[in-house]
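Below are the chains, spelled out letter by letter.
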Amino acid sequence: MINELDYAEVLTKYGVSSSTFGNWLKKYKPRVMSEESYKRLSLPFHDPKTLLSMTDKERQELEHLRAEVEKQKVLVEAYELMLELAKERLHFDVKKKLRGDAVSGIVERQKARSGKAMTEYLCTSLGYSKQAYYKSLRSCNDKEERERYVLSIVEELRRDLPRLGVYKLWRMLNDNGLPVGRDWLFRLLHRHDLLVKMKKYRVVTTDSRAWRHQYPNLVKGYRVERANQVWVSDITYLVTGKGFVYLSLVTDAYSRRIMGWEVHPTLDSAGPVKALYRALETGGAVSFKDLIHHSDRGGQYCSALYTGILKLHGIRVSVTQDGSPYDNAIAERVNGILKREWLNDIPLKDINDARRNVERVIDIYNKKRPHLAVCCQVPAQAYKDNKKKFARVMF
């Protein structure tokens, strides 16, 4: 009877698998069938066209799958063309640069699907060996470790200097034996949302109603070549839990060192005078004979009390003429640094709390914060310079 049936009919009638039927053929061929019947029944093992007949639904599904395969081939071809165009026009070999990440991503997805990783196949298809892939993984781990280390150093530096920008961080890291690229550091901080965001505040602290052009502007176009040649002064405000208080500063224009400061409750001349006395005390035994004191045209700095102290010490008085902040840019800049990088982010309870924090912040500013105007030295170092390294012409 078996000689009268074909392959599909045997499997259907006796309910056996193709492998079992294959074993039967090998075992019983000499006894039960002719050579012609054997060839006819064994054809399915060599010719897939003789497989079981498909239903209409199965045939439709097969046609759909074939169409999908053709679409995927076209899509893969489009992706390959995009990679070639990127290499040609943008000079960036996407396949070479990102193949390690792509292999890792596919391997992880395969694991999640409980499928075979196919690492070797993927590596070969993308043009490099499995050994090279695992070596690149170790390299990636080293890069991640380096990034974590750099971020920890940045976090430590910003503990005292919370608004230290990328350029100064880059200089400080390289100067302290940790070579990193500026753009690499920028991308790293951007990726971790650690770039400094600027804030703007504005309160009027200059009262020039009494201004009568008593004093000229002596520093416009003036070349500053050493410390204690020009001091600049200004007043800014601080917000506390009990209202506004005011901060007066006296800064050395050459080194950007803060020489004197005072936190005071009102905008009269008492606060600026105390800041000036601190500056004179900081200057110590230095002769003030050729020193110029420059400020805006506020009534505090033009008062008889304040100018009298300056003249008593042989200090010449210089005042801005038109009220432009650019005429006292150094003082405005130092005010902004203290507030943006520290004081605006500290909740100050009252004037005493403000004084404690200002003293701490000014000490950090003078001794730890690198300043671009003095080639990324800290102001306390620049103050000691006597080689005219930071000479400049005042605005």
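Parameters at a glance
Along each chain, residue indices are assigned from 1 in the same order as the chain's sequence is written. Selection of residues for local features in this predicted model requires a pLDDT of at least 70, selection of side-chain atom pairs for listing and counting requires 80 or more, and totals for whole chains, interfaces and linings are taken over all residues. The basis for every side-chain value is the complete set of non-hydrogen atoms in the structure, without hydrogens or water. Counted as salt bridges are all cases of a side-chain nitrogen of Lys or Arg within 4 Å of a carboxyl oxygen of Asp or Glu. Between buried and exposed lies partly exposed: a residue is buried under 20% and exposed over 50% of the maximum accessible area for its type, with that area taken using a 1.4 Å probe on protein chains only. Each pair of aromatic rings taken from Phe, Tyr and Trp, with Trp reduced to its six-membered ring, is defined by centres within 6.5 Å and is described as stacked if the planes are under 30 degrees apart, edge-to-face if over 60, and tilted in the remaining cases. Helix numbering and strand numbering both begin at the N terminus, where a helix is a DSSP run of H or I of at least 4 residues and a strand a DSSP run of E of at least 2. Any Lys NZ or Arg CZ that is within 6 Å of a ring centre and within 35 degrees of that ring's normal is treated as a charge sitting over the ring. DSSP-based pairing: two strands are paired if at least 2 bridges between them are found. Axis definition: a line fitted to C-alpha atoms, limited for helices to the stretch in contact. Angles are taken between N-to-C directions and run from 0 to 180 degrees. Here a residue-residue contact requires only that any non-hydrogen atoms of the pair lie within 4.5 Å. The residues that make up patches have over 30% relative accessible area and no salt bridge, and they are joined within 9 Å when like-charged or within 5 Å when they are Val, Leu, Ile, Met, Phe, Trp or Tyr. Per-residue and other accessible areas were derived by the Shrake-Rupley procedure at a 1.4 Å probe size, with only the shown protein chains allowed to occlude residues.

Draft legend 1. Structural detail: the pattern of salt bridges. Per the stated rule, a full pass over the model turns up 13 salt bridges. Close ionic contact of glutamate 225 with arginine 223 constitutes a salt bridge, the shortest N to O distance being 2.9 Å. Exposure remark for glutamate 225: the relative accessible area of 25% places this residue in the partly exposed category. One connected set of salt bridges, linked through shared partners, spans Arg223, Glu225 and Lys388.

Draft legend 2. Looking closely at the packing of aromatic side chains. As enumerated under the stated definition, the model contains 5 aromatic pairs in all. An angle of 50 degrees between the planes, with centres 5.6 Å apart, marks the rings of tyrosine 167 and tryptophan 170 as tilted. In this pair, tyrosine 167 and tryptophan 170 both sit in helix H8 (residues 166–175), 3 residues apart, roughly one turn of the helix. Note on tyrosine 301 and tyrosine 306: the rings are 5.1 Å apart at their centroids and 85 degrees apart in plane angle, and the pair reads as edge-to-face. Residue class for tyrosine 306 comes out buried when judged on its relative accessible area of 0%. Seen from the ring of tryptophan 261, arginine 278 lies directly overhead, with NZ or CZ sitting 3.9 Å from the centre. Over the ring of tyrosine 237 we find lysine 339; its NZ or CZ atom is 3.4 Å from the centre of that ring.

Draft legend 3. Up close: the sheet that holds strand E2 (residues 230–240). As summarised here, the arrangement of the 5 strands in space is E4-E3-E2-E5-E6, forming an open sheet in which the pairing is mixed. A single partner strand is all that each edge strand has here, and the edge strands are strand E4 (258–264) and strand E6 (316–319). Across this sheet, the average inter-strand angle for adjacent strands is 25 degrees, counted without regard to direction. By the bridge criterion, 4 bridges tie strand E5 (residues 292–295) to E6 in an arrangement that is parallel. Bridging from a neighbouring strand, histidine 294 pairs with serine 318 of E6. Strands in contact with helix H10 (residues 270–283) are E2, strand E3 (243–252), E4 and E5; relative to E4, the strand with the most contacts, it is inclined by about 150 degrees.

Draft legend 4. Spotlight on a nonpolar patch on the surface. On the surface, a cluster of nonpolar side chains totalling about 300 Å² of accessible area is made up of Leu75, Tyr79 and Met82. Within the secondary structure layout, methionine 82 lies in helix H4 (residues 56–89). Methionine 82 sits in the partly exposed class, given a relative accessible area of 48%.

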